[in-house]
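Take a look at the letters that make up each chain.
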Amino acid sequence: SVKAVMSYNGLKGVVVGGLLVLAARRTWPALGWGKLALVAIALASLYAVTDEFHQSFVPGRVCDPADWLTDTLGAALGASAAVLALEKMLAKRQMG
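This section reports on the structure supplied with the text. The numbering scheme is per chain: residues are counted from 1 as the chain's sequence reads. It should be noted that, the model being predicted, local features are given only for residues of pLDDT at least 70 and side-chain atom pairs only at 80 or more, the latter also being counted only at that level, while totals for whole chains, interfaces and linings use all residues. For the side-chain quantities, the full set of heavy atoms in the structure was used; hydrogens and water were omitted.

**Considering the overall build of the protein chain**
- Secondary structure elements follow DSSP: runs of H or I of four or more residues count as helices, runs of E of two or more count as strands, with numbering from the N terminus. Counting secondary structure elements, the protein chain contains 3 helices and 0 strands.
- Along the first, second and third principal axes, the C-alpha set of the protein chain runs to 55 × 25 × 15 Å.
- To sort residues, take the accessible area from a 1.4 Å probe on protein chains only and compare it with the maximum for the residue type: under 20% means buried, over 50% means exposed, and anything in between is partly exposed. Burial analysis of the protein chain (96 residues in total) assigns 30% to the buried set.
- Shrake-Rupley sampling with a 1.4 Å probe provides the accessible areas, and residues are treated as covered by the protein chains on show and by no other component. Of the roughly 6,500 Å² of accessible surface on the protein chain, a fraction of 72% belongs to carbon and sulfur atoms.

This is the structure we're talking about:
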């Protein structure tokens, strides 16, 4: 069903967004949390666009902008959650 696909795409985006924040933090440790989240969201969105474009060439599949949007919004949610969790964890660590 459409709802199941949208849920799967959103969940996939959440995981990808969170992982990309971790990767961006290791790659660019001097960037602030907001910029790290934006990098993660932009990379996830770029991948989602290329995935949708690729699907236009696969028989039985279509390029659906709603899938791209769902992936991007999921990545934004995942990146935001990762940033909040990491900030909290690091603040706790610094307090001792």
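Picking up where we left off.
**Structural notes on the packing of aromatic side chains**
- Planes of paired rings set the category: under 30 degrees apart is stacked, over 60 is edge-to-face and the rest tilted, where pairs are Phe, Tyr or Trp rings (Trp by its six-membered ring) whose centres lie within 6.5 Å. Summed over the entire model, instances satisfying the criterion amount to 1 aromatic pair.
- For the ring pair F53 and F57, a centre distance of 5.0 Å and an interplane angle of 85° mean the geometry is edge-to-face. The same class applies to F53 as to F57, namely exposed.

**Observations regarding the side chain of Q55**
- With respect to the helices and strands, the residue Q55 is situated in helix 2 (residues 33–55).
- Classification of Q55 as buried rests on a relative accessible area of 7%.
- A polar contact is formed between the side chain of Q55 and the side chain of R61, at a distance of 3.1 Å.
- Pairs of residues are marked as contacts when any of their non-hydrogen atoms sit within 4.5 Å. With residues near it in sequence (within four places) discarded, Q55 still touches R61 and V62. Whenever two N or O atoms come within 3.5 Å, that pair is a polar contact, provided that in protein one can donate a hydrogen and the other can accept it, and provided that, for residues adjacent in sequence, both atoms are side-chain atoms.

**A look at helix 2**
- In a helix, the anticipated span is given by 1.5 Å times the number of residues less one. With 23 residues, helix 2 should cover 33 Å at 1.5 Å per step; its first-to-last C-alpha distance of 33 Å lies within 8% of that length.
- Those residues of helix 2 not exposed but buried are W33, L36, A37, A40, I41, A44, S45, A48, D51, E52 and Q55.

**Here we look at a nonpolar patch on the surface**
- The patches reported here contain residues having more than 30% relative accessible area and no salt bridge. Joining distances are 9 Å for like charges and 5 Å for nonpolar side chains (Val, Leu, Ile, Met, Phe, Trp, Tyr). One speaks of a salt bridge when a side-chain nitrogen belonging to Lys or Arg is within 4 Å of a carboxyl oxygen belonging to Asp or Glu. Taken together, the side chains of L11, V15, L19 and L22 present a nonpolar region at the surface, about 380 Å² in accessible area.
- Residue placement: L19 occurs in helix 1 (residues 2–27).

**Topic: helix 3 (residues 65–95)**
- For helix 3, built from 31 residues, the straight-helix expectation of 45 Å at 1.5 Å per residue is met to within 8% by its first-to-last C-alpha distance of 45 Å.
- Among the residues making up helix 3, those that are buried are D67, T70, D71, T72, G74, A75, G78, A79, A82, V83 and L86.
- One side-chain oxygen at the N-terminal end of helix 3 lies 3.0 Å from the backbone nitrogen of A66; it belongs to D64.
- A positive phi of about 105° marks G96, the residue just after helix 3.

**Details of the nonpolar core**
- What makes a nonpolar core is a set of buried Ala, Val, Leu, Ile, Met, Phe, Trp, Tyr and Cys residues whose side-chain atoms join them at distances within 4.5 Å. Residues V21, A24, W33, L36, A37, A40, I41, A79, A82, V83 and L86 constitute the largest nonpolar core, which totals 11 residues.
- At the level of elements, helix 1, helix 2 and helix 3 are the ones that each hand at least two residues to this core.
- The dominant element in this core, judged by the number of residues it contributes, is helix 2, at 5 residues.
- Residue contacts for A37: discarding those within four places in its chain leaves V21, A79 and V83.

Any functional reading would require information that these geometric values do not contain.
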